[in-house]
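Summary of the model geometry
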Amino acid sequence: MFGLMLVVFVLGYAAIALEHPIKVNKAASALLIGVLTWTIYILNSSDILSLGFSPSWAALQDRSDMIIQNIKPVFSGEVFDKCYWGGVVELAQNSGHFVKHELGHHIIEIAEILFFLLGAMTIVETVDQHQGFKVITDKITTHNKVKLLWILSFLGFFMSALLDNLTTTIVMVALLRKLVDDKHTRWFFASMIVLAANAGGAFSPIGDVTTIMLWVQGQVTTVPIITDVFLPSLAAMVAPLVILTFTLKGNITKPKADKDDVEYTTRKEQIVLLCLGVGALLFVPVFKSVTHLPPYMGMLFGLGVLWLVTELMHKNKPEEHKSKLTIFGVLRKIDTATILFFLGILTAVASLQSAGHLAILANWLDQATNNNIYIINLAIGLLSSIVDNVPLVAGAMGMYPVAEGVFAVDGQFWQFLAYCAGTGGSILIVGSAAGVAAMGLEKIDFIWYMKKISLLALVGYLTGAGVYYLQAQFLF
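Attention in this report is confined to the structure presented alongside it. Everything numeric in this text was worked out from a predicted model, so none of it was measured.

**A few points about the overall build of the protein chain**
Secondary structure assignment for the protein chain yields 26 helices and zero strands. Along the first, second and third principal axes, the C-alpha set of the protein chain runs to 75 × 60 × 45 Å. Nonlocal contacts in the protein chain, meaning residues at least 24 apart in sequence, comprise 79% of its contacts between residues at least 6 apart. When the 30 positive and 33 negative side-chain charges of the protein chain are each reduced to one mean point, those points stand 12 Å apart.

Here you go:
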């Protein structure tokens, strides 16, 4: 049954990749594998956990043994059963309860991502409904594909460092809809924005969830991660752009303005909503730093402020206008299928992490590469294009404690891990949160992305890795 979990995941992943040929929405496939893997897990929990591959189960057993030996003798039986320690021992003795506890733990982490995504999508959609992005797109006058690609890529790269790659992608895709009319051309530009956003997020402590993990846990610190990983990240974005400079031809066609929508808002309202929306997104990392609450709380606070402002701004307008411009009306346009896809795929990956599949993969990498930190991290980056990079980085953090040399704080292992995990996901459209968001917003086809973008992303990934390696050999 341990192997069956992996088979179900692989088959479901194939269905996601072949969404258009088989005509089954990827959200349906993701939800099914998310539920099925956990169902197989809990129905066969005793057998699966007895294999000894689950790191969290092994840690719980060790903790339970310590409690029984050192703490239980201090209490009477009834008192011990009712206290925290007794709950830990009971959990360690019941595999079914453990699996449910693991699911609850992962659902909390997944919910934080989903609430963050929902808040960001709603804020961006609200600004878009008010024609706020028109203030920016009116300044971009070029129709040349190459020039526009360079402008948008650099804009996404630095925005991602200030915000994060997911929020930046959502904002940039909204901008793109005002600049490019043709669907496949817009797919191409949106995909290149994913590359730029992932590259920009890799060197910033707040730009990518994996870099945030390393930053919060103390493996990297603010100034060194920025100074040492900036050039590799820049190279990862610039290398594909250089190739496209010589291969991409022609001009883009801008979509025709929707006159009805423009009539709903004044220029002043457009500017106010643009400033409020961008300000709400920029406020998220500030809110996190000041309060130490999860980022989704800052995002929901910004959404609440925007909701209040739009309600007051449009309270005297006709109901037809209010239904389009207030948050209540905007929520109807949010792509719920994308949220459900995130829920399904992250839940499925969490089951593989809890059961121990990812731990086996991490140990195999360690042995196969003979502890070569560059090969290990390159492999993690490539794998992150298939499996979510968060559990891969979490596994690496668990396998390699902070120590001397390359494993020291701000050591080469941790910095290169931040780069590889952040940019490697660009190789496939489902390999990063930014890619999944773009896929959901623009309905980008998995196979199309593989044919048109994956090789470019791989070239950028390897180029940036080469830059980091040269830095490590000659500058560090």
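**Some remarks on the packing of helix α12 (residues 183-202) against helix α24 (residues 412-424)**
How two helices sit against one another is set out by the angle between their axes and by the gap between those axes. Contact geometry for α12 and α24: axes closest at 8 Å, N-to-C directions at 160°. One element, α12, and the other, α24, form an angle in the roughly antiparallel class. By crossing handedness, the relation of α12 to α24 is classed as right-handed. Residues N198, A199 and A202 of α12 touch α24, and the partners they reach there are A418, Y419, G422 and T423. Residue composition of the contact of α12 with α24, grouped by class: four nonpolar, three polar and no charged.

**Some remarks on the environment of A120**
Residue placement: A120 occurs in helix α8 (residues 95-129). Taking the C-alpha atoms as reference, A120 lies 8.7 Å from L166; in sequence the two are 46 residues apart. Once you skip the residues sitting within four places of it in the chain, A120 turns out to touch T167, I170 and M299.

**Section: the packing of aromatic side chains**
Tallied over the entire structure, the rule returns 24 aromatic pairs. Taken together, the ring pairs in this structure connect W150, F154, F157, F158, F203 and F230 into an aromatic cluster. In this arrangement the basic side chain of K26 is found over the ring face of F341, its NZ or CZ atom lying 5.6 Å from the centre.

**Details of the side chain of Q219**
Tracing the sequence through the fold places Q219 in the loop between α13 (209-217) and α14 (222-247). Discounting chain neighbours no more than four positions away, the residues touching Q219 are M213, L214, M397, V402, A408, V409, D410 and W414.

**Description of the nonpolar core**
The biggest cluster of nonpolar side chains holds 136 residues, and the ones touching the most others in it are Y41, I170, F188, M192 and V430. Sorting elements by how many residues they give to this core places α8 first, with eleven residues. Those residues in contact with I170 that lie beyond four places of it in its chain are L117, A120, M121, V124, A437 and L441.

**Points about unusual backbone geometry**
With a phi angle near 55°, K23 is a residue other than glycine that sits in the positive phi range. Residue placement: K23 occurs in the loop between α2 (19-22) and α3 (26-43). Residue K23 is classed as exposed on the basis of its relative accessible area, which comes to 72%. The backbone phi angle of K443 is positive, close to 55°, even though this residue is not glycine. Mapped onto the elements, K443 comes out in the loop between α25 (433-442) and α26 (446-474). Taking the relative accessible area as the measure of exposure, K443 reaches 45% and is therefore partly exposed.

**Looking at the pattern of salt bridges**
Scanning all chains against the criterion turns up two salt bridges. Note that E442 is salt-bridged to R177, the shortest N-O span being 2.9 Å. Of the two residues, E442 is situated in helix α25 and R177 in helix α11 (residues 165-177); the sequence distance between them amounts to 265 residues. In this structure R177 comes out as partly exposed when scored by relative accessible area, which is 30%. Close ionic contact of E442 with R186 constitutes a salt bridge, the shortest N to O distance being 2.8 Å. You can see E442 sitting in helix α25 and its partner R186 sitting in helix α12, a full 256 residues away along the chain. Where salt bridges share partners, they join R177, R186 and E442 into one cluster.

**Quick look at the side chain of D208**
Structurally, D208 is set in the loop between α12 and α13. In this structure D208 comes out as buried when scored by relative accessible area, which is 3%. One polar contact links D208 to N165, side chain to side chain, over a distance of 2.6 Å. Excluding its chain neighbours within four sequence positions, the residues that come into contact with D208 are N165, G201, A202, N389 and G422.

**So, the packing of α24 against α26**
Relative orientation of the contacting elements α24 and α26 amounts to 170°, with a least axis distance of 10 Å. Here α24 lies roughly antiparallel to α26, going by the angle between them. For the pair α24 and α26, the contacting residues are Q412, Q415, F416, Y419, C420, T423 and G424 in the first and G460, Y461, G464, A465, Y468 and A472 in the second.

**Re the environment of I113**
Relative to the elements of secondary structure, I113 occurs in helix α8. Residue classification places I113 among the partly exposed positions, given a relative accessible area of 29%. Sequence separation between I113 and P295 is 182 residues; the distance between their C-alpha atoms is 8.8 Å.

**Concerning the environment of G277**
Along the polypeptide, G277 turns up in helix α16 (residues 267-291). Along the sequence, G277 and G119 sit 158 residues apart, while their C-alpha atoms lie 11 Å from each other. Every residue in contact with G277, bar those within four places of it in the chain, is listed here: I123, V127 and L306.

**With respect to α3**
In an α-helix there are 3.6 residues to a turn, and that puts residues three or four apart on one side. Between the first and last C-alpha of α3 there are 26 Å, a value that for 18 residues agrees with the 26 Å anticipated at 1.5 Å per step. Of all the positions in α3, only K26, A27, S29, A30, I33, G34, T37, W38, I40 and Y41 are classed as buried. Packing partners of the buried residues in α3 comprise α1 (2-17), α2, α4 (45-50), α8, α20 (336-355) and α25.

Each value, and the rule that gives it
- Residues numbered from 1 in each chain as written.
- Predicted model: local features only at pLDDT ≥ 70, side-chain atom pairs only at ≥ 80, totals over all residues.
- Heavy atoms only, no water.
- Helix = DSSP H or I, 4+ residues; strand = E, 2+ residues; numbered from the N terminus.
- Contact = heavy atoms within 4.5 Å.
- Lys, Arg positive; Asp, Glu negative; His and termini not counted.
- Charge placed at Lys NZ, Arg CZ, Asp CG, Glu CD.
- Axes fitted to C-alpha atoms, helices over the stretch in contact; angles between N-to-C directions.
- Parallel < 35°, antiparallel > 145°, perpendicular 65-115°, else oblique.
- Left-handed = near helix turned anticlockwise from the far one by under 90°.
- Nonpolar A, V, L, I, M, F, W, Y, C, P; charged D, E, K, R; others polar.
- Phe/Tyr/Trp six-rings, centres within 6.5 Å; stacked < 30°, edge-to-face > 60°.
- Lys NZ or Arg CZ within 6 Å of the ring centre and 35° of its normal.
- Core = buried A, V, L, I, M, F, W, Y, C linked by side-chain atoms within 4.5 Å.
- Buried < 20%, exposed > 50% of the residue type's maximum accessible area, 1.4 Å probe, protein only.
- Salt bridge = Lys/Arg side-chain N within 4 Å of Asp/Glu carboxyl O.
- Polar contact = N/O pair within 3.5 Å; in protein donor to acceptor, adjacent residues only side chain to side chain.
- Expected span 1.5 Å × (residues − 1).

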